[in-house]
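# Coordinate inspection notes
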Amino acid sequence: MRLMSSVALKLGSVAAAVVLGLCMRPTFAEELKIGYVSAERILRDSVPAKAAEQKLSQEFAKRGKDLQDMESKLKAAAEKLDKDSPILSDAERSKRQRELQDMDREFQRRRREFQEDLNQRKNEEFQNLLERAQRIVRQLAEQEKFDLILQDALYVGPLIDITDRVLHALDSGK
């Protein structure tokens, strides 16, 4: 019996705390200033992001072209082997197949290295951009007394989305 009254007292206290919390909630919510920033939009739409993409395109253009040339040679060699295969001796056919496999392995290796290098450089460039954006967000938060600024959310209303302001600050070079 004593245990039951203790549990009932605790449940009553919890219920009272919940009711009190719900009663106080509107006042608290009105005072809370929340913002939201879309990192995706910053990495896609900002002038520095577009400049980084252009820089990377120029930086990797020659290697990309070399890969395209290598792929064309590989395809041409494969077509030539298919065409010449009926008239080649077994030894010559095997030799060309090995050469073609070696060319293909080299092409795959270079393409993989190219992609890894490109991804690494993209990550470096975009990490720098995100760090700049985070500094701007912190400045905005301090200047305008935000209590909370979110980066990822399922839904964001236009009233709390400050992404355009961050984009403007990034684009103006702040």
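Please refer to the structure placed before this passage.
As a starting point, this report considers the structure included with it. Just so you know, these numbers come straight off a predicted model, no measurement behind them.

## Thoughts on the environment of Leu-129
For Leu-129, the position within the fold is in helix α4 (residues 90-144). Along the chain, Leu-129 and Leu-170 lie 41 residues apart, while their C-alpha atoms are 8.7 Å from each other. In contact with Leu-129, other than residues within four places in its own chain, are Ile-42, Leu-43, Ser-46, Pro-48, Ala-49 and Leu-170.

## Comments concerning the layout of surface pockets
As a volume, the largest pocket reaches approximately 180 Å³. Considering the residues around the largest pocket, the lining is formed by Val-37, Ala-39, Ile-42, Leu-130, Ala-133, Gln-134, Val-137, Arg-138, Ile-149, Leu-150 and Gln-151. A per-element tally of the lining of the largest pocket places α4 first, with 5 residues. Across the lining of the largest pocket, the residue classes break down as 8 nonpolar, 2 polar and 1 charged.

## Digging into the pattern of salt bridges
On inspection of all chains with the given rule, the structure shows 20 salt bridges. A salt bridge links Lys-65 to Asp-69, with the nearest nitrogen and oxygen atoms 2.9 Å apart. One end of the pair is Lys-65 and the other is Asp-69, both in helix α3 (residues 47-84) and 4 residues apart, which spans about a single turn. Look at Asp-69 and you get partly exposed, because its relative accessible area is 31%. As a salt-bridge pair, Asp-102 and Arg-105 come within 2.5 Å of each other at their nearest N and O atoms. Here Asp-102 pairs with Arg-105, and both are found in helix α4, just 3 residues apart, close to one helical turn. The exposure class of Asp-102 is partly exposed, given its relative accessible area of 43%. Overlapping salt bridges bring together Glu-40, Arg-41, Arg-44, Asp-45 and Asp-164 as one network.

Criteria and thresholds
- Residues numbered from 1 in each chain as written.
- Predicted model: local features only at pLDDT ≥ 70, side-chain atom pairs only at ≥ 80, totals over all residues.
- Heavy atoms only, no water.
- Helix = DSSP H or I, 4+ residues; strand = E, 2+ residues; numbered from the N terminus.
- Contact = heavy atoms within 4.5 Å.
- 1 Å grid on protein atoms, 1.4 Å probe; cavity = no way out; pocket = protein on both sides within 12 Å on 5 of 7 lines; lining within 4 Å.
- Points joined across faces, edges and corners; volume = space filled by probe spheres on them.
- Nonpolar A, V, L, I, M, F, W, Y, C, P; charged D, E, K, R; others polar.
- Salt bridge = Lys/Arg side-chain N within 4 Å of Asp/Glu carboxyl O.
- Buried < 20%, exposed > 50% of the residue type's maximum accessible area, 1.4 Å probe, protein only.

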